Structures are given as structure tokens and as C-alpha cells.
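# Examination of the molecular architecture
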Amino acid sequence: MARFHFHLRDGDETIFDEEGVDLPDLSAAIREARLGARELIADAVRLDRDRVPNALVVADQDGNILYTLRLADILPPWWKPPPG
Amino acid sequence: VPHRNNELLRRLEPSILERITPSLSLLRLEQSEVLAATHEPVHRVYFPHSGIISCVVELPGGGAIETGMIGKDGQWGACQAMDDRISLNHVVIQAAGEASVIEAGKLKTLALELAPFRSLLLSYDQFFTAHVQQTAACNAVHDIQPRLCKWLLRMHDLVGTELSLTQEFLAEMMGVRRTSVTQVAATLQKAGLINYKRGHITIVDLQGIQDAACDCHGELQSHYELLFGKEQ
């Protein structure tokens, strides 16, 4: 088990997840990030939110970034913006 | 009489409460203590003075969603005790506190003997059913932010403005991902409604939380007043 933090990057602003959560390993943390990102997108679309985080940043306890998930990456393939 | 710290017991005529008192004892309820496991017999009935009893539905993939919250304005276990039955859900202490406790068999005998006591317990059971129905409707149609605010209002009723809650726990109880709670907590904090610090929420602006919450909390309060009258 290790402590993982899921920060929300919203343009140049970041919502820090001070608390974090214990998960078995990085792959479990990435799975959790994907589930969280899906819910954020679903909610943003449903509620017509004008601000949605654009990325979820998975970090360890010391603040090292382990993984960055762009919300666009989990959109269905035909919705994804062109790369670049 | 300490038993009057429970708002249901307080509503009993003194003569009726006197008949019950010898069978009541005081008990400390510790956080995370399990009062009943799903399909286990119910041995005791709890009338909290403080703290929170949480009824949760356990999910096959692990985790659990809260469907009912019981505090000093309620009781847990009377219906099951009256019918010598088991618990159909998982019941756990969410916030530590104290309760008046009565053995299930004794409660049954007293409820059969004392019509006003029986009537009070049945009324509460109707209220609790309404509470769970409201929760089901709320979970189905209301968004995370108003739901979280409703939850904070209920917590405020039962434990006050200082809440020891992790986002992990909140997310699990509400059936949402933790990241959504992080986002909503940040929004509420930015709006000056709460103060959030690792595992600790302080309600700063109660009126603001009320305005941001769905109507479910108010609905339930009016059901409660209808059945039991205004606070005594």
C-alpha cells in the first residue's frame, strides 16, 4: 500500500488533494484516476459546467508526479481532439 | 434523566419512560463499531444521545453506500426486535457517541405492554422509511454538490459544525468517486461555505450550505415534525 494524491489541474490553477488515499500500487492509482476523470467529465457535460479540470495528476506523498491523465484522453475515440 | 438526551425517549410521557428506564443502560458507541451485520440477529436496540449510526448497503465489488443516518432524534433496531428478526443491512457507527440501549427481548415485551411506546417506535419506523426513500430519490436525481451540502446539514444536526470526515469516506458514503468530492469541497471552500483540512470539515456558513443543498433535508425535517411535533 502507498499513499496517492489526485490533484485536479484546471488551466493554470490546481486543486490540491491534500488528503490522498491508500492504494496497492500505481496501476490501481491510474485506474482510480480514470474512474474519477470519467465522473468529472460526465458531471461537467450533464451540468453544463464552464470549468472542468483538464487533467488529473497522480502524485506520491512527497509531491512527485507519477502520472498525468488528460481528461481528453478518456473521451470516446471519435470525440478525442486531434493530437497536437 | 440521561435517557431524555434521546429525542424519541424525551417525547414519552414521564410515567411511560419510568416503566422503561430500568431496562435501559448507557453505552458508549465507538467509531467503526458494527451494531449489526447483514442477516445477523438483532440483540439490542439503540437510542443515541450523540454520534451517528449509519445504515449502509454493501456492494459486491467492495465498498458500501449509506442509505440511512440515525442520531439523537432516532433509534435503531426496534422493529427488528419487535419481530425477533435479523438485520437486513449493515449498521455501523459513523461518529462516536453515547446511547441508551435496551435488550431486544425486553424491548419487545415493553412495546407490547405500553401502547404509547409502541406507537412512538412505529412512527419512527415510518419516518425512517421516508428517510431512506428520500435518499433513494436524492441519489437518483440530485447532483453531487447539493447532495454533499444536504449531507453536511444532516451531519450538522447530529454533531455540530466540526466534522471529522475524510474525502474517501464521504465519497464512499455518497457513492461517488473521491475526485468529485475533492472538486466539490474546493468549490465550497472557495465560496467560503466550509473550511477543509485533511480529514476535517468545518461548516463556516450554515445558511450558505442550506442554500446550496437540495430540498431533501428540509423535506425530512417537515416529515419529522409532522409525526413527532416540534423539538421538545
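Residues numbered from 1 in each chain as written. Chains lettered and ligands numbered in written order. Predicted model: local features only at pLDDT ≥ 70, side-chain atom pairs only at ≥ 80, totals over all residues. Heavy atoms only, no water.

## Concerning the sheet that holds strand E9 (residues 194-197) of chain B
All names here are of chain B. Formally: Any two strands between which DSSP finds at least two bridges are classified as paired. Put simply, DSSP marks the helices as runs of H or I at least four residues long and the strands as runs of E at least two long, and each gets a number from the N terminus on. Axis definition: a line fitted to C-alpha atoms, over the contacting stretch in the case of helices. Angles run 0 to 180 degrees between N-to-C directions.
With antiparallel pairing, three strands are arranged side by side in an open sheet as E8-E10-E9. Across the chains shown, the open sheet's two edge strands, defined by having one partner strand only, are strand E8 (162-164) and E9. Between one strand and the next, the sheet's axes are offset by a mean angle of 15°, whatever the strand orientation. Judged from the four bridges that link them, E9 and strand E10 (residues 200-203) form a sheet pairing that is antiparallel. What sits directly across from Lys-197, in E10, is His-200.

## Here's the deal with unusual backbone geometry
Residue and element names in this part refer to chain B. So the rule is basically this: Working definition: with a 1.4 Å probe on protein chains only, accessible area under 20% of the residue-type maximum means buried, over 50% means exposed, and in between means partly exposed.
With a phi angle near 75°, Ser-32 is a residue other than glycine that sits in the positive phi range. Tracing the sequence through the fold places Ser-32 in the loop between strand E1 (25-29) and strand E2 (34-36). With relative accessibility at 54%, the residue Ser-32 sits in the exposed group. Look at His-39: it is not a glycine, yet its phi comes out positive at around 70°.

## Concerning the interface of chain A and chain B
Defined as follows: Residues are treated as being in contact if the distance between any of their heavy atoms lies within 4.5 Å. When two parts are brought into contact, each loses some accessible area as probed by a 1.4 Å sphere; the total of that loss over both is the buried area. Polar contact is the term for a pair of N or O atoms within 3.5 Å; when the atoms are in protein, one must be able to donate a hydrogen and the other to accept it, and sequence-neighboring residues count only if both atoms are side-chain atoms.
Of the residues lining the interface, 22 residues belong to chain A; the matching set on chain B comes to 18 residues. Here chain A packs against chain B, burying approximately 1800 Å² in sum over the two surfaces, 45% of which is carbon and sulfur. Considering only the surface of chain A that becomes buried against chain B, A:Glu18, A:Glu19 and A:Glu39 emerge as the three largest contributors, covering 34% of it. Between chain A and chain B we count 10 residue pairs in polar contact (both at pLDDT 80 or more) in total. Of all the secondary structure elements, the ones that give two or more residues to the side of chain A that touches chain B are strand E1 (2-10), strand E2 (13-15) and helix H1 (26-47) of chain A. Here the element with the most residues in the side of chain A that touches chain B is H1(A); it accounts for eight residues.

## Thoughts on the environment of B:Arg28
Residue and element names in this part refer to chain B. Topologically, Arg-28 is positioned in strand E1. For the pair Arg-28 and Glu-98, spaced 70 residues apart in sequence, the C-alpha separation works out to 4.5 Å. Discounting chain neighbours no more than four positions away, the residues touching Arg-28 are Glu-33, Ala-96, Gly-97 and Glu-98.

## Points about the sheet that holds strand E6 (residues 90-95) of chain B
Residue and element names in this part refer to chain B. With antiparallel pairing, the four strands of this open sheet are ordered in space as E2-E6-E4-E5. Of all strands in the sheet, those bounded by a partner on one side alone are E2 and strand E5 (64-70). Going across the sheet, the axis of each strand differs from the next one's by a mean of 35°, ignoring polarity. As judged from the two bridges shared by E2 and E6, these two strands associate in the antiparallel manner. When the bridges of E6 are listed, Ala-36 appears paired with Val-91. Docked against the sheet, helix H5 (residues 115-141) engages strand E4 (52-58) and E5, running at close to 140° with respect to E5. Packing against the sheet, helix H7 (residues 167-174) makes contact with E4, E5 and E6, and its axis sits at approximately 90° to E5.

## Regarding the packing of helix H4 (residues 104-113) of chain B against H5(B)
Residue and element names in this part refer to chain B. We count it as follows: When an angle is under 35 degrees it counts as roughly parallel; over 145 it counts as roughly antiparallel; between 65 and 115 it counts as roughly perpendicular; any other value is oblique. Polar here means any residue other than Ala, Val, Leu, Ile, Met, Phe, Trp, Tyr, Cys and Pro, which are nonpolar, and Asp, Glu, Lys and Arg, which are charged; Gly is therefore polar.
Across the interface, H4 lies against H5 with an axial gap of 5 Å and an inter-helix angle of 110°. In terms of axis orientation, H4 runs roughly perpendicular to H5. Contacts between H4 and H5 involve Leu-107, Leu-110, Ala-111, Leu-112 and Glu-113 from the first element and Ala-115, Phe-117, Arg-118 and Leu-121 from the second. Each residue belonging to the contact of H4 with H5 can be placed in one class, and the counts come to seven nonpolar, no polar and two charged.

## Remarks on the confidence of the model for chain B
Test applied: pLDDT is a per-residue confidence score from the predictor, ranging from 0 to 100.
Here chain B shows a mean pLDDT of 93. Residues at 70 or above account for 100%. Under the prediction, the complex receives an ipTM of 0.92, its pTM being 0.89.

## A short note on the layout of surface pockets
All names here are of chain B. We count it as follows: Buriedness for pockets is judged along seven lines, at least five of which must meet protein on both sides within 12 Å for an open set on the 1 Å grid over protein atoms alone, while cavities are sets there where a 1.4 Å probe fits but cannot get out, and lining residues have an atom within 4 Å of a point. Grid points are joined across faces, edges and corners, and a volume is the space filled by probe spheres set on the points.
Its volume calculated, the largest pocket comes out at about 610 Å³. Considering the residues around the largest pocket, the lining is formed by 30 residues, among which Asp-73, Arg-154, Asp-157, His-217 and Gln-221 are closest to the centre. Among the secondary structure elements, those contributing two or more residues to the lining of the largest pocket are E5, H5, helix H6 (144-159), H7 and helix H10 (216-228). Grouping the constituent residues of the lining of the largest pocket by class yields nine nonpolar, nine polar and 12 charged.

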